[in-house]
Amino acid sequence: MTAVLAGRTDMDDGLRMAQTRTCGAWALPGDPTCAGIARRLFRGVADELALDREAIDDGVTMVSELAANTLHASQDQPLPVNPELWLYLRGTGLRVELVCKVFDTLPGWVRGNVPGRAVGRAPADAMSGRGLEVVHELSLGYWGHHLTRSRLSGTGIRGKAVWFALPVPAAEALAGAGHPITARDAMTELEQDLSTRGFGGRLVRADDHAADMAVLSIASGLTVWCRSAAAWLRAPGAAEQQWSYCDLVEVGEQAVQAHEMIVATADTFPLLDATRTGALTRGTPRRVHAAVQARATGSVS
Ligand SMILES: Nc1ncnc2c1ncn2[C@@H]1O[C@H](COP(=O)(O)OP(=O)(O)OP(=O)(O)O)[C@@H](O)[C@H]1O
Ligand SMILES: [Mg+2]
(Lines give C-alpha, C1' and ligand atoms only; values in the text may rest on other atoms or scores of the structure.)
(Ligands and ions follow the chains in the order given, each with its own letter.)
Protein backbone atom coordinates (compact mmCIF):
# COMPACT_ATOMS: atom_id res chain seq x y z
CA MET A 1 0.00 0.00 0.00
CA THR A 2 3.01 2.28 0.12
CA ALA A 3 4.08 3.43 -3.31
CA VAL A 4 7.79 4.12 -2.79
CA LEU A 5 8.75 6.96 -5.04
CA ALA A 6 11.99 8.63 -5.92
CA GLY A 7 12.52 12.33 -5.28
CA ARG A 8 10.28 13.42 -8.15
CA THR A 9 6.68 13.06 -9.22
CA ASP A 10 5.83 11.19 -12.36
CA MET A 11 3.13 12.83 -14.41
CA ASP A 12 0.49 10.53 -13.01
CA ASP A 13 1.63 9.87 -9.40
CA GLY A 14 -1.39 11.71 -8.03
CA LEU A 15 -3.83 9.98 -10.34
CA ARG A 16 -2.39 6.57 -9.53
CA MET A 17 -2.65 7.29 -5.82
CA ALA A 18 -6.26 8.37 -6.25
CA GLN A 19 -7.22 5.36 -8.34
CA THR A 20 -5.52 2.74 -6.22
CA ARG A 21 -5.81 4.56 -2.87
CA THR A 22 -2.17 3.86 -2.04
CA CYS A 23 0.15 6.08 -0.02
CA GLY A 24 2.83 7.92 -1.99
CA ALA A 25 6.05 8.05 0.04
CA TRP A 26 9.19 9.98 -0.87
CA ALA A 27 12.51 10.21 0.96
CA LEU A 28 13.45 13.83 1.61
CA PRO A 29 17.05 14.95 2.11
CA GLY A 30 18.09 15.79 5.67
CA ASP A 31 19.46 19.19 4.66
CA PRO A 32 18.07 22.63 3.77
CA THR A 33 17.06 21.49 0.26
CA CYS A 34 14.33 19.34 1.75
CA ALA A 35 11.70 22.11 1.91
CA GLY A 36 12.07 22.91 -1.80
CA ILE A 37 11.82 19.27 -2.78
CA ALA A 38 8.74 18.77 -0.58
CA ARG A 39 7.10 21.83 -2.18
CA ARG A 40 7.68 20.47 -5.68
CA LEU A 41 6.43 16.97 -4.83
CA PHE A 42 3.32 18.27 -3.11
CA ARG A 43 2.45 20.65 -5.95
CA GLY A 44 2.88 17.90 -8.53
CA VAL A 45 0.43 15.58 -6.81
CA ALA A 46 -2.04 18.30 -5.78
CA ASP A 47 -2.16 19.59 -9.38
CA GLU A 48 -3.01 16.14 -10.71
CA LEU A 49 -5.73 15.74 -8.10
CA ALA A 50 -7.21 19.06 -9.24
CA LEU A 51 -7.30 20.68 -5.80
CA ASP A 52 -8.48 24.30 -5.72
CA ARG A 53 -5.73 26.70 -6.73
CA GLU A 54 -5.79 28.45 -3.35
CA ALA A 55 -5.69 25.13 -1.49
CA ILE A 56 -2.65 24.07 -3.52
CA ASP A 57 -0.80 27.27 -2.66
CA ASP A 58 -1.66 26.89 1.04
CA GLY A 59 -0.59 23.24 0.95
CA VAL A 60 2.73 24.13 -0.67
CA THR A 61 3.41 26.68 2.08
CA MET A 62 2.46 24.22 4.82
CA VAL A 63 4.49 21.31 3.50
CA SER A 64 7.45 23.63 3.15
CA GLU A 65 7.24 24.56 6.85
CA LEU A 66 6.88 20.96 7.97
CA ALA A 67 9.78 19.76 5.83
CA ALA A 68 12.02 22.62 7.00
CA ASN A 69 11.18 21.72 10.59
CA THR A 70 12.68 18.24 10.23
CA LEU A 71 16.05 19.98 10.50
CA HIS A 72 15.21 20.75 14.15
CA ALA A 73 14.98 17.03 14.81
CA SER A 74 18.62 16.51 13.87
CA GLN A 75 19.68 18.93 16.64
CA ASP A 76 18.31 16.62 19.27
CA GLN A 77 19.62 13.25 18.22
CA PRO A 78 22.81 11.84 16.74
CA LEU A 79 20.91 9.55 14.34
CA PRO A 80 19.98 10.66 10.82
CA VAL A 81 16.52 12.20 10.70
CA ASN A 82 15.58 10.48 7.41
CA PRO A 83 12.60 12.71 6.62
CA GLU A 84 9.82 11.27 4.48
CA LEU A 85 6.86 12.88 2.71
CA TRP A 86 3.66 10.86 2.65
CA LEU A 87 0.58 11.73 0.59
CA TYR A 88 -2.64 9.75 0.51
CA LEU A 89 -6.38 10.17 0.17
CA ARG A 90 -8.72 9.76 3.12
CA GLY A 91 -12.50 9.60 3.22
CA THR A 92 -15.28 8.75 0.79
CA GLY A 93 -17.86 10.42 -1.44
CA LEU A 94 -17.83 14.19 -1.22
CA ARG A 95 -15.57 14.21 1.83
CA VAL A 96 -12.29 13.02 0.37
CA GLU A 97 -9.17 14.85 1.49
CA LEU A 98 -5.51 14.77 0.59
CA VAL A 99 -3.54 13.96 3.73
CA CYS A 100 0.02 15.27 3.81
CA LYS A 101 2.40 13.96 6.48
CA VAL A 102 6.05 14.73 7.04
CA PHE A 103 7.91 12.08 9.01
CA ASP A 104 11.17 12.33 10.94
CA THR A 105 12.91 9.92 13.27
CA LEU A 106 12.76 12.08 16.39
CA PRO A 107 9.67 10.90 18.28
CA GLY A 108 9.65 14.00 20.48
CA TRP A 109 10.10 17.73 20.03
CA VAL A 110 13.18 19.89 20.39
CA ARG A 111 13.33 21.30 23.91
CA GLY A 112 10.22 19.28 24.60
CA ASN A 113 7.89 22.04 23.41
CA VAL A 114 5.11 19.93 22.00
CA PRO A 115 2.99 22.13 19.73
CA GLY A 116 -0.62 22.12 20.79
CA ARG A 117 -3.76 22.71 18.77
CA ALA A 118 -3.65 26.37 19.70
CA VAL A 119 -0.16 27.36 18.75
CA GLY A 120 1.09 30.32 20.76
CA ARG A 121 1.80 33.38 18.65
CA ALA A 122 5.41 34.30 18.11
CA PRO A 123 6.21 37.86 19.23
CA ALA A 124 5.64 40.35 16.40
CA ASP A 125 9.36 41.02 15.98
CA ALA A 126 10.44 37.38 16.20
CA MET A 127 12.63 36.10 13.36
CA SER A 128 11.56 32.49 13.84
CA GLY A 129 8.99 30.40 15.63
CA ARG A 130 6.31 31.12 13.03
CA GLY A 131 6.20 27.96 10.94
CA LEU A 132 3.65 26.01 12.95
CA GLU A 133 1.63 29.16 13.50
CA VAL A 134 1.38 29.49 9.71
CA VAL A 135 0.32 25.84 9.40
CA HIS A 136 -2.28 26.39 12.10
CA GLU A 137 -3.72 29.44 10.34
CA LEU A 138 -3.73 28.03 6.78
CA SER A 139 -5.18 24.68 7.81
CA LEU A 140 -7.81 26.38 10.00
CA GLY A 141 -6.50 24.29 12.87
CA TYR A 142 -6.88 21.04 10.91
CA TRP A 143 -3.39 19.67 11.47
CA GLY A 144 -1.68 17.53 14.07
CA HIS A 145 1.17 15.22 14.95
CA HIS A 146 1.46 11.67 16.17
CA LEU A 147 3.93 8.91 16.87
CA THR A 148 4.44 6.52 13.99
CA ARG A 149 6.96 4.45 12.04
CA SER A 150 8.85 5.05 8.82
CA ARG A 151 7.32 3.82 5.56
CA LEU A 152 10.58 3.67 3.64
CA SER A 153 13.17 2.17 6.01
CA GLY A 154 11.68 -1.31 5.60
CA THR A 155 12.28 -1.96 9.30
CA GLY A 156 9.76 0.42 10.77
CA ILE A 157 12.12 2.96 12.34
CA ARG A 158 10.24 4.95 14.96
CA GLY A 159 9.51 8.65 14.83
CA LYS A 160 6.68 11.12 14.44
CA ALA A 161 4.60 12.57 11.64
CA VAL A 162 3.19 16.08 11.44
CA TRP A 163 0.17 16.36 9.15
CA PHE A 164 -2.46 18.57 7.56
CA ALA A 165 -5.24 17.72 5.11
CA LEU A 166 -7.02 19.55 2.29
CA PRO A 167 -10.28 18.75 0.48
CA VAL A 168 -10.14 17.03 -2.93
CA PRO A 169 -13.35 18.14 -4.69
CA ALA A 170 -12.78 16.02 -7.80
CA ALA A 171 -11.88 12.78 -5.98
CA GLU A 172 -14.92 10.85 -7.11
CA ALA A 173 -14.18 11.51 -10.76
CA LEU A 174 -10.61 10.27 -10.32
CA ALA A 175 -11.46 7.07 -8.43
CA GLY A 176 -10.67 3.71 -9.98
CA ALA A 177 -12.25 0.38 -9.19
CA GLY A 178 -9.30 -1.15 -7.42
CA HIS A 179 -10.47 -1.53 -3.81
CA PRO A 180 -10.59 -4.98 -2.26
CA ILE A 181 -13.99 -6.62 -2.18
CA THR A 182 -13.51 -9.39 0.35
CA ALA A 183 -12.37 -9.24 3.95
CA ARG A 184 -9.53 -11.59 3.07
CA ASP A 185 -8.16 -9.30 0.35
CA ALA A 186 -8.58 -6.19 2.47
CA MET A 187 -6.75 -7.79 5.37
CA THR A 188 -3.98 -9.06 3.11
CA GLU A 189 -3.41 -5.51 1.90
CA LEU A 190 -3.32 -4.22 5.45
CA GLU A 191 -1.03 -7.00 6.62
CA GLN A 192 1.43 -6.23 3.82
CA ASP A 193 1.38 -2.55 4.74
CA LEU A 194 2.11 -3.32 8.41
CA SER A 195 4.85 -5.77 7.46
CA THR A 196 6.74 -3.05 5.59
CA ARG A 197 6.61 -1.02 8.80
CA GLY A 198 8.40 -3.59 10.94
CA PHE A 199 5.44 -5.63 12.19
CA GLY A 200 6.16 -8.69 10.05
CA GLY A 201 6.39 -11.89 12.07
CA ARG A 202 4.44 -10.40 14.99
CA LEU A 203 0.99 -10.31 13.47
CA VAL A 204 -1.56 -12.99 14.26
CA ARG A 205 -4.31 -13.40 11.69
CA ALA A 206 -7.43 -15.49 11.36
CA ASP A 207 -9.93 -15.56 8.50
CA ASP A 208 -13.45 -16.86 8.35
CA HIS A 209 -14.22 -16.95 4.63
CA ALA A 210 -17.78 -18.11 5.07
CA ALA A 211 -18.56 -15.08 7.18
CA ASP A 212 -16.43 -12.78 4.98
CA MET A 213 -14.44 -11.83 8.05
CA ALA A 214 -10.76 -11.48 8.96
CA VAL A 215 -9.09 -10.47 12.20
CA LEU A 216 -5.54 -9.23 12.62
CA SER A 217 -4.02 -8.94 16.04
CA ILE A 218 -1.08 -6.55 16.22
CA ALA A 219 -0.50 -6.58 19.97
CA SER A 220 -2.46 -7.33 23.05
CA GLY A 221 -5.69 -5.35 22.82
CA LEU A 222 -4.80 -3.87 19.43
CA THR A 223 -6.85 -5.58 16.75
CA VAL A 224 -8.09 -4.81 13.24
CA TRP A 225 -11.25 -6.42 11.91
CA CYS A 226 -12.51 -6.60 8.35
CA ARG A 227 -16.06 -7.68 7.65
CA SER A 228 -18.63 -6.98 4.95
CA ALA A 229 -16.81 -4.04 3.36
CA ALA A 230 -15.91 -2.37 6.66
CA ALA A 231 -12.65 -2.29 8.62
CA TRP A 232 -12.43 -1.23 12.21
CA LEU A 233 -9.78 -0.87 14.86
CA ARG A 234 -9.89 -1.72 18.52
CA ALA A 235 -7.19 -0.11 20.60
CA PRO A 236 -6.86 0.22 24.35
CA GLY A 237 -8.35 3.41 25.70
CA ALA A 238 -9.64 4.56 22.28
CA ALA A 239 -13.14 4.66 20.85
CA GLU A 240 -13.69 2.06 18.13
CA GLN A 241 -13.36 3.53 14.64
CA GLN A 242 -14.67 2.21 11.34
CA TRP A 243 -13.70 2.77 7.72
CA SER A 244 -14.60 1.41 4.28
CA TYR A 245 -12.00 -0.60 2.35
CA CYS A 246 -10.98 2.41 0.31
CA ASP A 247 -9.48 3.82 3.52
CA LEU A 248 -7.08 0.98 4.29
CA VAL A 249 -4.09 3.35 4.26
CA GLU A 250 -5.76 5.33 7.04
CA VAL A 251 -6.55 2.12 8.95
CA GLY A 252 -2.85 1.17 8.79
CA GLU A 253 -1.84 4.67 9.88
CA GLN A 254 -4.19 4.54 12.85
CA ALA A 255 -3.04 1.06 13.82
CA VAL A 256 0.64 2.06 13.78
CA GLN A 257 -0.11 5.22 15.69
CA ALA A 258 -2.07 3.30 18.34
CA HIS A 259 0.76 0.79 18.66
CA GLU A 260 3.39 3.49 19.12
CA MET A 261 1.22 5.25 21.70
CA ILE A 262 0.93 2.04 23.66
CA VAL A 263 4.70 1.54 23.50
CA ALA A 264 5.27 5.12 24.64
CA THR A 265 3.04 4.58 27.66
CA ALA A 266 4.27 1.05 28.25
CA ASP A 267 5.05 1.74 31.89
CA THR A 268 1.36 2.27 32.52
CA PHE A 269 0.00 -0.34 30.10
CA PRO A 270 2.61 -3.04 29.40
CA LEU A 271 2.40 -4.11 25.75
CA LEU A 272 1.95 -7.81 25.29
CA ASP A 273 2.60 -9.58 22.03
CA ALA A 274 -0.32 -10.42 19.81
CA THR A 275 0.55 -14.04 20.39
CA ARG A 276 -1.05 -13.87 23.81
CA THR A 277 -4.62 -15.00 23.58
CA GLY A 278 -5.75 -11.89 25.45
CA ALA A 279 -5.47 -10.08 22.12
CA LEU A 280 -8.99 -11.11 21.23
CA THR A 281 -11.79 -10.07 23.45
CA ARG A 282 -15.53 -10.40 23.81
CA GLY A 283 -17.56 -10.51 20.64
CA THR A 284 -15.07 -12.62 18.72
CA PRO A 285 -16.96 -15.37 16.93
CA ARG A 286 -15.94 -18.69 18.39
CA ARG A 287 -14.57 -20.11 15.12
CA VAL A 288 -12.20 -17.19 14.55
CA HIS A 289 -11.23 -17.00 18.20
CA ALA A 290 -10.31 -20.69 18.19
CA ALA A 291 -8.19 -20.27 15.07
CA VAL A 292 -6.28 -17.35 16.54
CA GLN A 293 -5.76 -19.18 19.82
CA ALA A 294 -4.45 -22.22 17.96
CA ARG A 295 -1.95 -20.07 16.06
CA ALA A 296 -0.98 -18.19 19.17
CA THR A 297 -0.12 -21.37 21.00
CA GLY A 298 1.68 -22.75 17.93
CA SER A 299 -0.66 -25.67 17.44
CA VAL A 300 -1.20 -24.81 13.74
CA SER A 301 1.29 -23.42 11.28
N1 LIG B 1 9.91 18.17 13.32
C2 LIG B 1 10.29 18.72 14.48
N3 LIG B 1 11.05 18.00 15.35
C4 LIG B 1 11.41 18.51 16.52
N5 LIG B 1 11.07 19.73 16.97
C6 LIG B 1 10.32 20.50 16.15
C7 LIG B 1 9.89 20.04 14.87
N8 LIG B 1 9.13 21.00 14.32
C9 LIG B 1 9.12 22.02 15.19
N10 LIG B 1 9.83 21.73 16.29
C11 LIG B 1 10.02 22.60 17.46
O12 LIG B 1 8.93 23.51 17.49
C13 LIG B 1 9.41 24.84 17.42
C14 LIG B 1 8.44 25.70 16.66
O15 LIG B 1 8.48 25.37 15.25
P16 LIG B 1 8.11 26.51 14.20
O17 LIG B 1 8.16 25.92 12.85
O18 LIG B 1 6.82 27.14 14.63
O19 LIG B 1 9.22 27.62 14.38
P20 LIG B 1 10.75 27.55 13.93
O21 LIG B 1 10.98 26.41 13.05
O22 LIG B 1 11.56 27.63 15.20
O23 LIG B 1 10.94 28.93 13.16
P24 LIG B 1 10.42 29.26 11.67
O25 LIG B 1 9.54 28.14 11.24
O26 LIG B 1 9.67 30.54 11.80
O27 LIG B 1 11.65 29.37 10.86
C28 LIG B 1 10.80 24.72 16.79
O29 LIG B 1 11.64 25.82 17.13
C30 LIG B 1 11.29 23.43 17.37
O31 LIG B 1 11.79 23.62 18.69
MG1 LIG C 1 9.76 26.09 11.39
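Computed from a predicted model, the values in this text were never measured in an experiment.

### Some details on the overall build of the chain
Along the backbone of the chain there are eight helices and eleven strands. The long-range share in the chain, meaning contacts at least 24 apart out of those at least 6 apart in sequence, stands at 62%. For the chain, the exposed area adds up to about 13,900 Å²; of that, 54% sits on carbon and sulfur atoms.

### Focus: the site of ligand 1
Residues in close proximity to ligand 1 total 16 residues, the closest being Asn69, His72, Gly129, Arg130 and Leu132. Within the side chain of Asp104, one N or O atom sits 2.9 Å away from a nitrogen atom of ligand 1. At 3.1 Å, a backbone N or O of Val110 approaches a nitrogen atom of ligand 1. In isolation ligand 1 offers 590 Å² of accessible surface; the protein chains occlude 84% of this area. Mapped onto the shell around ligand 1, the elements with two or more residues apiece are helix H3 (53–75) and helix H4 (131–138). Here the shell around ligand 1 takes four residues from H3, the largest share from any one element.

### What to know about the packing of helix H2 (residues 34–48) against H3
Two elements in contact, H2 and H3, have axes separated by 8 Å at closest approach and are oriented at 150 degrees. Considered as vectors, H2 and H3 are oriented roughly antiparallel to each other. The handedness of the crossing between H2 and H3 comes out as right-handed. Every residue of H3 that contacts H2 at Cys34, Ala35, Ala38, Arg39, Phe42, Arg43, Ala46 and Asp47 is listed here: Arg53, Ile56, Asp57, Gly59, Val60, Val63, Ser64, Ala67, Ala68 and Thr70. Counted by class, the contact of H2 with H3 contains ten nonpolar, three polar and five charged residues.

### A word on the sheet that holds strand E7 (residues 204–208)
The antiparallel open sheet is built from five strands, whose spatial order is E7-E8-E9-E10-E11. Of all the strands in the sheet, the pair left with one neighbour each is E7 and strand E11 (241–244). Here the average twist between neighbouring strands, direction ignored, is 15 degrees. Strand contacts of helix H7 (residues 248–264): strand E8 (213–219), strand E9 (222–227), strand E10 (230–234) and E11, with the helix running at about 165 degrees to E9, the strand carrying the most contacts.

### A few points about H3
Between the first and last C-alpha of H3 there are 35 Å, a value that for 23 residues agrees with the 33 Å anticipated at 1.5 Å per step. Where the residues of H3 are buried, they touch H2, strand E3 (84–90), strand E4 (97–104), H4 and strand E6 (158–167).

### Some points on the pairing of E6
Most of E6 sits out of view: eight of its ten residues are buried. Judged from the eight bridges that link them, E4 and E6 form a sheet pairing that is antiparallel. The partner of Lys101 across the bridge, within E6, is Trp163. Inspection of the sheet shows strand E5 (residues 143–149) paired to E6 by seven bridges, in the antiparallel sense. Counted as the bridge partner of Arg149 is Arg158 from E6.

### Let's talk about unusual backbone geometry
The backbone phi angle of Ala50 is positive, close to 60 degrees, even though this residue is not glycine. Ala50 gets classed as partly exposed once you look at its relative accessible area, which sits at 42%. Positive phi values are uncommon outside glycine, yet Asp212 reaches one of about 50 degrees.

### Observations concerning the side chain of Asp247
Considering the arrangement of structural elements, one finds Asp247 in the loop between E11 and H7. Classification of Asp247 by relative accessible area gives buried; the value is 6%.

Basis of the calculations
Residues numbered from 1 in each chain as written. Chains lettered and ligands numbered in written order. Predicted model: local features only at pLDDT ≥ 70, side-chain atom pairs only at ≥ 80, totals over all residues. Heavy atoms only, no water. Helix = DSSP H or I, 4+ residues; strand = E, 2+ residues; numbered from the N terminus. Contact = heavy atoms within 4.5 Å. Areas by Shrake-Rupley, 256 points an atom, 1.4 Å probe, with all protein chains shown as cover. Near = heavy atom within 4 Å. Polar contact = N/O pair within 3.5 Å; in protein donor to acceptor, adjacent residues only side chain to side chain. Axes fitted to C-alpha atoms, helices over the stretch in contact; angles between N-to-C directions. Parallel < 35°, antiparallel > 145°, perpendicular 65-115°, else oblique. Left-handed = near helix turned anticlockwise from the far one by under 90°. Nonpolar A, V, L, I, M, F, W, Y, C, P; charged D, E, K, R; others polar. Pairing = 2+ DSSP bridges. Expected span 1.5 Å × (residues − 1). Buried < 20%, exposed > 50% of the residue type's maximum accessible area, 1.4 Å probe, protein only.

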